[in-house]
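# Descriptive analysis of the structure
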Amino acid sequence: MVVTRFAPSPTGYLHIGGARTALFNWLWSRKKKGKFILRIEDTDLKRNTPTAMQQVISDLRWLGIDWDEGPDVGGPNGPYLQSQRKDIYEKYVRKLIDEKKAYYCFDTPEELDAMRQKATAEKSNIVYQRPEKFPDESEVAKAKAEGKSVTVRFVMPAEEIVVKDVIRGEVRFNGAELGDLIILKSDGFPTYNFAVVVDDALMGVTCIMRGQEHLMNTPAQQELWKALGFGDLPQYVHMSVTISQTGGKLSKRERPAALRNVIKKMQDIDFNKLAEAGSITIEQLNSFLDGKTTPDMPNIDAMAKYLGVALPEINVVDFFRSGYLPETMMNFLALLGWSPGDGREIMTAGQLIESFDISRLIKANSLFDRSKLLAFNTEHMRMVPKDKLIVYFREYLKAAESPVIKADDKTLGRLLELCAGARTLADVEKKSRFIFIDSEKIEFDEKAVKKVLLDGDSLLILKGVRDGLACVEPFDEKSVEQMLMTLAQKRNVGLGKIAQPLRVALCGSTISISIFEAVCMLGRENALARLDNTLKKFSR
RNA sequence: GCCCCCAUCGUCUAGUGGCCCAGGACGCCGGGUUCUCAACCCGGCAACAGGGGUUCGACUCCCCUUGGGGGUACCA
């Protein structure tokens, strides 16, 4: 049976690279009717965020990924939080020490740092010098009593280590250059490289699919696996990584970096107000602008909101907030480094599972291209069943705190219909929100007013439109359209000359849903009042 | 510095020695349709990083160069 896993460390929201790794593991387990495990790698106490695990879980669920074993659903191989498996790791560390495959060390971080610096200065490779004789238990007890830090290192065989990778074939490493890695930290927790091996083996993982940034860790993990006597090695699959448009691995750093660039390019920023908006001090802001420190994501987001700039989406939630569908994300991510081979691109989860195969994973890194993502979303907006789309839309509106949320499901459905061909849920919201806000709160786009409202005899035309709307019967989309068409014919102008001024008069901008339908949704009274308002406001 | 991985249109990719003067998709450009935006329809531009081999024949195999990415932690 194929058993795959996704093992994030809970440091924040799930970002797009992690989501892709999770997705491939999930697809493969589903395709092979095997198991998919979610494990949380939280052995670094310093880095863990208390809410991060929940964020990762909800992001995965939003994407449509489920798991057979995990911290929230349980399973026979738990616990699924590494921080709760300390005793298990200790047992295996003990085993290695007893077999002389691992040994105690008493170096302080400062000493190790000095060794590294010396090596860098000499431009030589840093390999830990294994002692002639391994410290025994009495020495350990003594060191502990003296308050020295105690770690455990694995004895790396000084020979060629060949890793068989599904994507890359045989990759050769020199064990002597790898050196003895620490497997148990002085705080008693295992290091990543050790914990992964123990957990993957104990949880029965047969296929390890992860980013190529882990390829260098693999020879050590493989040797550890063998030294621990865990039997058949798992399949290793080191996928290409997703790189960002600015170059480099797609990472959380991109959002702060983008904000920093925006701030530097902008003129007349009140830095005090900006810091206040971001809930940070002016010193912290300056330090951030100098590239020395990075505020937390909520502070970054708050500042971006204050400046009215859109930061590049990096985390799964960013895409949700920008109005993308989970179907889109899954589909698009799956096509980064993989393709079904028959030219199909737009696919449902079912189709992805059906056609997925690790043998078709490609070696080269790929760039995350937002304009193609937008095109994918446009397709999925069309494909998702209407009732499901309404649910998504409502979730989006809620998160965006949009006034459109006041609408009932029927209206939401109608709005979605009217916006057939829209690229994102955000577009639908933008085109319809004017219907749900008070007339006094309509914001007029300066350009639109100048170009459409104050152009020619638009205001005069609007007076005619007003009279027409006042008496058109019945007050429905058809009749309104008919009335406006007749008006256009009478004045011998195109419909655009009538509809555009009306649009700007009612919604303040040149972009909205069908204006005939919008008029009806507003209702006669409302529409007339808003029209009067506008007329009064812009008539000289 | 050292180690590892990678290299087809701007981007995602198809391509496993002849089917390829390289196919699809997004984007872009031109045109059409339209009450706006989007969508839609028609047409167009656009790539095998460079240099050596191997072979009757290389996008496909080998080597070098260049370029890109990753790693080099008591992070994961």
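Everything below is about the structure shown above.
So, a few notes on the structure that sits alongside this text. (Residues numbered from 1 in each chain as written. Chains lettered and ligands numbered in written order. Predicted model: local features only at pLDDT ≥ 70, side-chain atom pairs only at ≥ 80, totals over all residues. Heavy atoms only, no water.)

### Here's the deal with the pairing of strand S9 (residues 235-239)
Where we set the bar: Throughout this description, buried means an accessible area under 20% of the type-specific maximum (1.4 Å probe, protein chains only), exposed means over 50%, and partly exposed covers the range between. Numbered from the N terminus, helices here are DSSP runs of H or I no shorter than four residues, and strands are runs of E no shorter than two. Think of it this way: DSSP has to see at least two bridges between two strands before they count as a pair.
The buried fraction of S9 amounts to four of the five residues, a majority that puts the element mostly inside the structure. Bridge count between strand S8 (residues 207-211) and S9: five bridges; the pairing is parallel. Bridge pairing in S9 places Ile 208 opposite Tyr 236.

### Describing the sheet that holds strand S4 (residues 151-154)
Which entries qualify depends on this criterion: Each axis is a line fitted through C-alpha atoms, taken for helices only over the stretch in contact, and angles between the N-to-C directions span 0 to 180 degrees.
Ordered in space as S3-S4-S7, the three strands form an open sheet in which the pairing is antiparallel. With partners counted over all chains shown, the strands left at the sheet margins are strand S3 (102-105) and strand S7 (182-184), one partner each. On average, each strand axis in the sheet is inclined to that of its neighbour by 45°, with strand direction left out of account. Relative to S4, S3 runs antiparallel, the two sharing four bridges. From the neighbouring strand, Ala 102 faces S4, where its bridge partner is Phe 154.

### Some details on the packing of helix H3 (residues 86-98) against helix H7 (residues 192-202)
Applied cut-off: These descriptions rest on fixed angle ranges, namely under 35 degrees for roughly parallel, over 145 for roughly antiparallel, 65 to 115 for roughly perpendicular, and the rest for oblique. Contacts were defined at the residue level, with two residues in contact if any of their heavy atoms lie within 4.5 Å. In this count, Pro and Cys sit with the nonpolar residues alongside Ala, Val, Leu, Ile, Met, Phe, Trp and Tyr, while Asp, Glu, Lys and Arg are called charged and the others, Gly among them, polar.
Remark: H3 packs on H7, axes separated minimally by 10 Å, with the N-to-C direction vectors making an angle of 105°. Of the possible angle classes, the one that applies to H3 and H7 is roughly perpendicular. On H7, the residues that touch Ile 88, Tyr 89, Tyr 92, Val 93 and Leu 96 of H3 are Phe 194, Ala 195, Val 198, Asp 199 and Leu 202. Taken together, the residues of the contact of H3 with H7 break down into nine nonpolar, no polar and one charged.

### What to know about the packing of helix H20 (residues 446-453) against helix H23 (residues 496-507)
Filter applied, for reference: The hand of a helix crossing depends on one turn: near helix anticlockwise from the far one by less than a right angle means left-handed, and clockwise means right-handed.
Contact geometry of H20 with H23 gives a least axis separation of 9 Å together with a crossing angle of 145°. In this structure, the crossing between H20 and H23 has a hand that is left-handed. Here Ala 448, Val 449, Val 452 and Leu 453 of H20 come into contact with H23, specifically with Gln 500, Pro 501, Val 504 and Ala 505. A per-class count over the contact of H20 with H23 returns seven nonpolar, one polar and no charged.

### Re the pattern of salt bridges
Our working definition: Take a side-chain nitrogen of Lys or Arg and a carboxyl oxygen of Asp or Glu: if they are within 4 Å of each other, that pair is a salt bridge.
Here the structure, examined in full by the defined rule, presents 40 salt bridges. A salt bridge links Glu 313 to Arg 370, with the nearest nitrogen and oxygen atoms 3.0 Å apart. Placement of Glu 313 in the loop between helix H12 (297-307) and helix H13 (316-321) and of Arg 370 in helix H16 (residues 370-383) is noted, with a sequence separation of 57 residues between them. Like Arg 370, Glu 313 is buried. With its nearest N and O atoms 3.0 Å apart, the salt bridge here joins Arg 344 to Asp 342. Because the salt bridges share partners, they merge into one network encompassing Arg 5, Arg 39, Glu 41, Arg 85, Asp 199 and Asp 200.

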